[in-house]
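One letter stands for each residue in the lines below.
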Amino acid sequence: MDEGIDYKARYGDWAMVVGASYGLGEALARELARRGMNVVITARGHDKLALAASRIRDDFRVDVKTVAADLSDPGVLDVILAGLGGTEIDFLIFNAALEHGGEFIVQDVERHLANIQVNCVAPTVVVHHFARRMAERGRGGVVISSSLAAAQGLYAWSSYGASKSYENLLGQALWFELKRKGVDAATFMIGSTYTPSFQRNQKLRQTPFAETRTPEGLPEGTPVPQDPEEAAANLFAQLDKEWLPLIYANPRDEENAGKMAALTLAERITLSSEAVVRSFEAAPGAKSGEPQLM
Ligand SMILES: NC(=O)c1ccc[n+]([C@@H]2O[C@H](COP(=O)([O-])OP(=O)(O)OC[C@H]3O[C@@H](n4cnc5c(N)ncnc54)[C@H](OP(=O)(O)O)[C@@H]3O)[C@@H](O)[C@H]2O)c1
């Protein structure tokens, strides 16, 4: 960590990570606490929130507040504001997402609409509120978590990828807009990361990653998911130096994105979608080539 940056002096006292009771969100909250900021962590489940909060308090000696709020609730901003009780947020990471997978026409339309609610409507409403207040104060930081599934159309992740593409472009546009008002913003571009949510999905599909991050006998070239702590540390290593519009969680993913950029769009969609088909075929519980719903 760059000792030169005083996060509290630069941004303010309080950070909030939306979706931070475990996994990547918790790791992001811990990086903010490591940099001396007090943190608000939100999620749906009270018990895991309380546990994560006490771990952060014990390890970093900062103030931690928890707010239970469900991003699928159209009134989620009011719930968060009530939970904050007037605490101003100076640094916001919108991390949580809904990740329904499966063929577009096979899934019920309600699942696509749920992706849009949690991954598009909720970040719009929450980021709009807090970024506007940061701009009024002339300082702040905003990070929006996106996904490599947003890099091109992706088989079986159609509406999830499309919703993460919305977040990707939102963060990039805010990088420019908010900088003019003294507020830093960026998109956090994330590839496969071994979070409890990721593991849950692997269990559903009975993939080799269901039980361990590093299974033996993986086909050559299969990327191993990174640890959430590593992804969070990579984000902050970059933020400590310079805010770029798009920051990759893993240098390997940035390298691959560079290689993919040389291909045509049709090639990129086909290559990445065929990898998804293969992963479904490799799952022992799956019917050949047929993606299971998540
Ligand atoms: N993991 C990966 O491989 C991967 C890959 C690409 C991109 N990403 C992106 O990285 C971010 C985090 O990924 P992750 O899924 O692995 O999860 P994670 O960081 O483990 O986050 C899950 C957190 O969000 C909360 N949460 C989940 N659904 C919520 C809802 N509807 N309302 C409020 N809080 C909710 C969870 O608590 P509760 O369950 O108690 O609510 C938990 O605290 C997401 O934006 C995802 O799109 C992840």
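Fair warning: this is a prediction, and the values are worked out from it, not measured in the lab.

Conventions and cut-offs
Here the residue index of a chain counts from 1 through its sequence in written order. Confidence filtering applies because this is a predicted model: local features only for residues at pLDDT of at least 70, side-chain atom pairs given and counted only at 80 or more, and all residues used for totals across whole chains, interfaces and linings. Calculated side-chain values reflect all of the structure's heavy atoms, with hydrogen atoms and water omitted. Each salt bridge in this description consists of a side-chain nitrogen of Lys or Arg and a carboxyl oxygen of Asp or Glu lying within 4 Å of one another. Burial classification: accessible surface area is computed with a 1.4 Å probe over protein chains only, and a residue below 20% of its type maximum counts as buried, one above 50% as exposed, and the rest as partly exposed. When DSSP finds two or more bridges between a pair of strands, those strands are recorded as paired. Each helix is a run of DSSP H or I of at least 4 residues and each strand a run of E of at least 2, with the numbering of both proceeding from the N terminus. For crossovers, right-handed means that the path from the first strand over the helix to the second runs clockwise, given strands pointing away from the viewer. The span you would expect from a helix comes to 1.5 Å times its residue count less one. By arc we mean the arc of the directions from the helix axis to the C-beta atoms, nothing more. Contacts are assigned to residue pairs with any non-hydrogen atoms lying within 4.5 Å of each other.

Let's shift gears to the pattern of salt bridges. One pass over the structure, following the stated rule, counts 13 salt bridges. Here R35 and E31 are joined by a salt bridge, their closest N and O atoms 2.8 Å apart. Neither R35 nor E31 differs from the other in exposure class; each is buried. The residue R35 makes a salt bridge to D240 at a minimum N-O spacing of 2.8 Å.

Looking now at the pairing of strand β3 (residues 64–68). Strand direction decides the pairing type here: strand β2 (residues 38–43) and β3, joined by five bridges, are parallel. Bridge pairing in β3 places T42 opposite V67. Crossover connection from β2 via helix α3 (residues 46–60) to parallel β3: handedness right-handed.

Before going further, it helps to spend a moment on helix α8 (residues 228–239). An α-helix turns once every 3.6 residues. As a result, residues three or four positions apart point the same way. When the terminal C-alpha atoms of α8 are compared, their 17 Å separation across 12 residues agrees well with the 16 Å that a helix rising 1.5 Å per residue should span. Inspection of α8 places P228, A231, A232, L235, F236, Q238 and L239 among the buried residues, and these make up the whole buried set. When α8 is viewed along its axis, its buried side chains cluster within an angular range of 160° and face the same direction. Structurally, α8 contributes buried residues whose contacts are with α1 (7–11), α2 (23–34), β4 (91–94), β5 (140–145), β6 (183–189) and β7 (246–248).

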